[in-house]
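Per-entry structural report
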Amino acid sequence: MYIVIITIVIIASGMFARANAPVVWELKTRAEILRGTSRGVSITETGALMLAPRFDAVFDTKQSYVWSSAVDKAGNIYLGTGNDGRVFRVASNGANPTNGTLFYDTPELNVTALAVDANGVLYAATSPDGKVYRITQGGQAEVFFDPSDKYIWSLAMMNDGALAVGTGGEGRIYRVPVEGGAAGGVVKRAPEAVVFYDSSETHIISLAINRATGDLIAGTDPGGLVLRVDRSGKAFALLDAPLREMHALSIAPDNSIYALAIGDAASSPSRTSGAGSTMLEALLAAAASSTTSPPATTPDGSPPTVGGTDTTGSRAESSPLSASVASPAARSRRRLAGARSALFRITPNGASEVVWSSPGVTAFSLAARDGDVLLGTNERGRILSIDAQTDETLLVEASENQISSFVTHNGELFAASSNAGKLFRLGRNFNRSEPHTGTYESPVQDAQVTAQWGNLSWRVSGVGNANNAGQGQVTTQVIMQTRSGNTEQPDRTWSDWSAAYTDGGGSIILSPPARFIQWRVTFTAAATVNQNANMAESVRVEDVRLVYLPRNVAPEIISLVALPPNVALLPTISLTGDASNDANPDNPLATTTTGTSPAITIPPRRTFQRGAMSLQWQAEDANNDRMEYSITFRHVGESRFQILRTNLRDNFFTIDAATLADGQYVFRVTASDAVDNPTSRALTGERVSEAFTIDATPPEVQVTPDTTSDTVAGGASSNVRRIRFSVEDATSAIRRADVSINGGRWTSVYPDDGIADERRETFSIQLPTTSTGSTETADVTIALRAFDTNGNVGNARTVQRRR
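Description of the overall build of the protein chain
Scanning the protein chain from terminus to terminus reveals four helices and 57 strands. Each of the 803 residues in the protein chain was classed as buried or not, and the buried ones make up 53%. Sequence separation of at least 24 residues holds for 63% of the intrachain contacts in the protein chain that already meet a minimum separation of 6. By element, 48% of the accessible surface of the protein chain is carried by carbon and sulfur atoms, the whole surface being about 34,800 Å².

Details of the sheet that holds strand E54 (residues 747–749)
In any sheet, the strands associate via hydrogen bonds between backbone groups, in a parallel or an antiparallel arrangement. Sheet architecture is open: four strands sit in the order E54-E53-E56-E57, paired in antiparallel fashion. One side of each edge strand has no neighbouring strand; the edge strands of this open sheet are E54 and strand E57 (793–801). The average angle at which neighbouring strand axes cross in this sheet is 30 degrees, direction not considered. Bridge count between strand E53 (residues 734–741) and strand E56 (residues 779–788): seven bridges; the pairing is antiparallel. Bridged to Arg736 within E56 is Phe787.

Things to note about the pairing of E53
Bridge analysis of E53 against E54 gives three bridges, and the strand direction is antiparallel. In the strand pairing of E54, Ala737 is matched with Val749.

A word on the nonpolar core
Leu49 and Trp519 are the most contacted members of the largest nonpolar core, which totals 46 residues. By residue number, the principal contributor to this core is strand E38 (residues 514–525), which donates six residues. By size, the runner-up hydrophobic cluster in this structure holds 22 residues, among which are Ala619, Leu648, Phe653 and Val669.

Here we look at the sheet that holds strand E11 (residues 110–116)
What the four strands build is an open sheet, ordered E11-E12-E13-E14; its pairing is antiparallel. Each of the sheet's edge strands pairs with one partner strand only, and the pair in question is E11 and strand E14 (141–145). The mean angle between the axes of side-by-side strands here comes to 30 degrees, regardless of whether they run parallel or antiparallel. Of the pairings in the sheet, the one linking strand E12 (residues 122–127) to strand E13 (residues 132–135) comprises four bridges and is antiparallel in character. Among the inter-strand pairings, Tyr123 is bridged to a residue of E13, identified as Arg134.

Some words on a negative patch on the surface
Residues Asp752, Asp753, Asp757 and Glu758 make up a contiguous surface patch of negative charge. Relative to the helices and strands, Glu758 resides in the loop between E54 and strand E55 (760–768).

Observations regarding the pattern of salt bridges
Tallied over the entire structure, the rule returns 29 salt bridges. A salt bridge links Arg483 to Glu441; the shortest N-O distance between them is 3.9 Å. With a gap of 42 residues between them, Arg483 in strand E36 (residues 476–485) and Glu441 in strand E34 (residues 436–441) connect regions that are remote in the sequence. An identical accessibility class is assigned to Arg483 and Glu441; each is buried. A salt bridge links Asp543 to Arg459, with the shortest nitrogen-to-oxygen separation between them at 3.0 Å. Highlighted residues: Asp543 in strand E39 (residues 540–550) and Arg459 in strand E35 (residues 445–461), separated in sequence by 84 residues. Classification of Asp543 by relative accessible area gives partly exposed; the value is 46%. What makes Arg459 partly exposed here is its relative accessible area of 39%. A cluster of three or more residues bridged by salt bridges with shared partners is formed by Arg39, Glu441 and Arg483.

Side note on the packing of aromatic side chains
Enumeration over the complete set of coordinates arrives at 13 aromatic pairs. Centre to centre, the rings of Tyr151 and Trp153 are 4.6 Å apart; their planes meet at 10 degrees, and the pair counts as stacked. No difference in accessibility class separates Tyr151 from Trp153, as the two residues are buried. Relative to Tyr548, the ring of Trp453 lies with its centre 5.5 Å away and its plane at 75 degrees, an arrangement referred to as edge-to-face. Pair noted here: Trp453 is in strand E35 and Tyr548 is in strand E39, with a separation of 95 residues, a long-range link. An aromatic cluster is built from Phe633, Tyr665, Phe667 and Phe692, whose rings are joined through pairwise contacts. We note Arg668 situated over the ring of Phe641; from NZ or CZ to the ring centre the distance is 4.2 Å.

Focus on the side chain of Ser256
Mapping Ser256 onto the fold places it in the loop between strand E23 (245–251) and strand E24 (257–262). There is a polar contact of 3.1 Å between the side chain of Ser256 and the side chain of Arg345. Ignoring sequence-local partners within four residues, the contact set of Ser256 consists of Ser250, Ile251, Arg345, Ile346, Thr347 and Pro348.

So, the environment of Arg649
Positionally, Arg649 belongs in the loop between strand E45 (642–648) and strand E46 (652–656). Remark: the alpha-carbon pair of Arg649 and Glu628, spanning 21 residues in sequence, is separated by 5.3 Å. If near-sequence neighbours (up to four positions away) are discounted, Arg649 is found in contact with Met627, Glu628 and Val675. Among the polar contacts listed, one links the side chain of Arg649 to the side chain of Glu628, at a separation of 3.0 Å.

A short note on the pairing of E57
Burial of the side chains of E57 is restricted to one face: Gly794, Ala796, Thr798 and Gln800 are buried, whereas none of Val793, Asn795, Arg797, Val799 and Arg801 on the reverse face is. Bridge count between E56 and E57: nine bridges; the pairing is antiparallel. What sits directly across from Phe787, in E57, is Val793. Where E56 folds back on E57, the antiparallel hairpin that results is connected by four residues, among which Gly791 adopts a positive phi of roughly 85 degrees.

What to know about unusual backbone geometry
At the junction of Ser127 and Pro128, the peptide bond is cis and its omega measures out at -10 degrees in the coordinates. By secondary structure assignment, the location of Pro128 is in the loop between E12 and E13. Each neighbour pair has its own omega, and for Asp221 with Pro222 the value is 10 degrees, a cis peptide bond. Not every positive phi belongs to a glycine, and Asn647 is a case in point at roughly 55 degrees. Exposure remark for Asn647: the relative accessible area of 57% places this residue in the exposed category.

Points about the environment of Asp105
Mapped onto the fold, Asp105 is located in strand E10 (residues 96–105). The partly exposed category is assigned to Asp105, whose relative accessible area is 39%. Ignoring sequence-local partners within four residues, the contact set of Asp105 consists of Asp84, Gly85 and Arg86.

Here is what the cut-offs are and how they apply
Residues numbered from 1 in each chain as written. Predicted model: local features only at pLDDT ≥ 70, side-chain atom pairs only at ≥ 80, totals over all residues. Heavy atoms only, no water. Helix = DSSP H or I, 4+ residues; strand = E, 2+ residues; numbered from the N terminus. Buried < 20%, exposed > 50% of the residue type's maximum accessible area, 1.4 Å probe, protein only. Contact = heavy atoms within 4.5 Å. Areas by Shrake-Rupley, 256 points an atom, 1.4 Å probe, with all protein chains shown as cover. Pairing = 2+ DSSP bridges. Axes fitted to C-alpha atoms, helices over the stretch in contact; angles between N-to-C directions. Core = buried A, V, L, I, M, F, W, Y, C linked by side-chain atoms within 4.5 Å. Patch = residues over 30% accessible without salt bridge, like charges linked within 9 Å, V, L, I, M, F, W, Y side chains within 5 Å. Salt bridge = Lys/Arg side-chain N within 4 Å of Asp/Glu carboxyl O. Lys, Arg positive; Asp, Glu negative; His and termini not counted. Charge placed at Lys NZ, Arg CZ, Asp CG, Glu CD. Phe/Tyr/Trp six-rings, centres within 6.5 Å; stacked < 30°, edge-to-face > 60°. Lys NZ or Arg CZ within 6 Å of the ring centre and 35° of its normal. Polar contact = N/O pair within 3.5 Å; in protein donor to acceptor, adjacent residues only side chain to side chain.

Shown next as structure tokens:
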């Protein structure tokens, strides 16, 4: 029997639901929502969207980096920058700084730390190989302290009025009395300066003062220590973090210490190129290698990250988006292996805990407030709020790339950025005389094919929304819009933003059919005269759902190959779950669910089976529709295909080739998605195989007797005889032949023309004759078997008597 096995291997795109079922696109996790763009909109721990506090630009330094900041009692804010080593002052106008000017231009490249004493005198530290400058309110400057250390990373005013100086290279803390500075000229070193604490660490990265106790708090590198140094210079380790660099410190109103650590996972190439270098050293090196102008923007229009660390994920990943993006596995904040940065809290009684950590975000700045802690990050200039329950809220997103420093005054917080160096004011309430607006743009959704847009719905909650705001409350209006296009990134070829949708219960999408779509929510808080109004923060948008129907795309048979003869394909177990799940689209386990992965089909097993012939092809459906297959065939030379089977779902089809006459045939496989589409929408795709031979008949072998002895020179007969076998196959060429003498082992024999490559071949078998005078008359049995190219074997035997 001759078997033909036809194997169907499905490669489904798995990118969206079947064409007959509308796709429901939802951003189901906070991680998915964070891939969008926020402008004045906060994102809570649960992924709810709400109007953010005001975040207004105050001053542009026109420098690339703001390394440090400080504020005096009058509310004047000082900014230390790079790469020109300049100090700017943003003057206070009552409670609010309004304009900035160049305050002092140091000879060094970077102003890495600032501190202000009780008299309003500014102290500015520079690096590398820098000094501490003492700058009066009038802008007169002198070298106040010039240590031998390579770096000066941190400054802090101690309770007794002395200046604490944290350095790098030797890991020292100096205590420099303020009155010990030069009175009338430049000095190389303040005479009263002493080494207050000499650590075993390489760098004292950060300093803070616990005003309640007078203790000096220090953060180190590379040990990641938080040290408490008392007034006598005795140090006690409060925390030994697994991350190497204790980058920033902040004392909370309850005297808890918050410590921001950066790990090796945040290292940039410039940092790792030098053993033992800190993140600050890497940043300074990156700054020194760049120009003084702000850095160029990346292809998507956003500035590059300092030090090369970019974890925004805003372009997602070059692959098209699915209806539901796979979310990262849940991760405990206490799991610090591979973390880029982590926030620790040390309570007044000395206990410590991990408050926040991230494997993808590097935080650079820290500010502890009453009720929450703010982190400034390098992820699109985002500021995160971590509350007492350790819930994380994306508070605001700056126009610049990195939030590098915080400073507070009279309860108001200011944030300094790098790339480029600017100062922003972060409000806490909405007592503004003008409306306050914020927008959030979703990631772009790729429908894979042109889609018909359906319904857009969302849920609004909160007592401050425009529908239920009471007297004296801020009323907030929420509108939604959409736009669509056929390029992966929105550009001028996209449609304009649609008219506003205001019915959260469901609005018909007005954007034209296209492959890509995006939605935008806009919050607008009305002007108010209520000085305590902050109810706009409670208006939240959640559960945004966008429904669309992808255009049906015909299935495609993408390849079709014939396996060698006698190779059979056997079914294996497919990891597709219960087939009944697929049959019921209302079943939550059905593969019609938006964003589910395609069934995993294990390739069939190959095995030897005489007479088997296998076809194997791959088919895919862009809509992830289930497919049915029909098999048709025709003989070469005929024009019409004949139906072999229809409505096939299995991935194998077996035919007894004895039902087909020998000859050359062409097979056609047609895939249909009618299972998951109405008749009017169903489509088909097909592929025709190359012609191949079906040959179930073995070669015919005949014996041609030849009793003639070979002659040798001189006309004498030799003792050699020849027996000829004639082999012929009606369909296939002869591939080889073997011969056996008297039941001995089979040995190969070549045709008379030397090559077995035709449908008819002649094989001559030479046998020795008996010697002259011999009386031996034993019979000799000669058997010959011949194989055609399809593995069919024919044979014949003959008995010859020796002479």
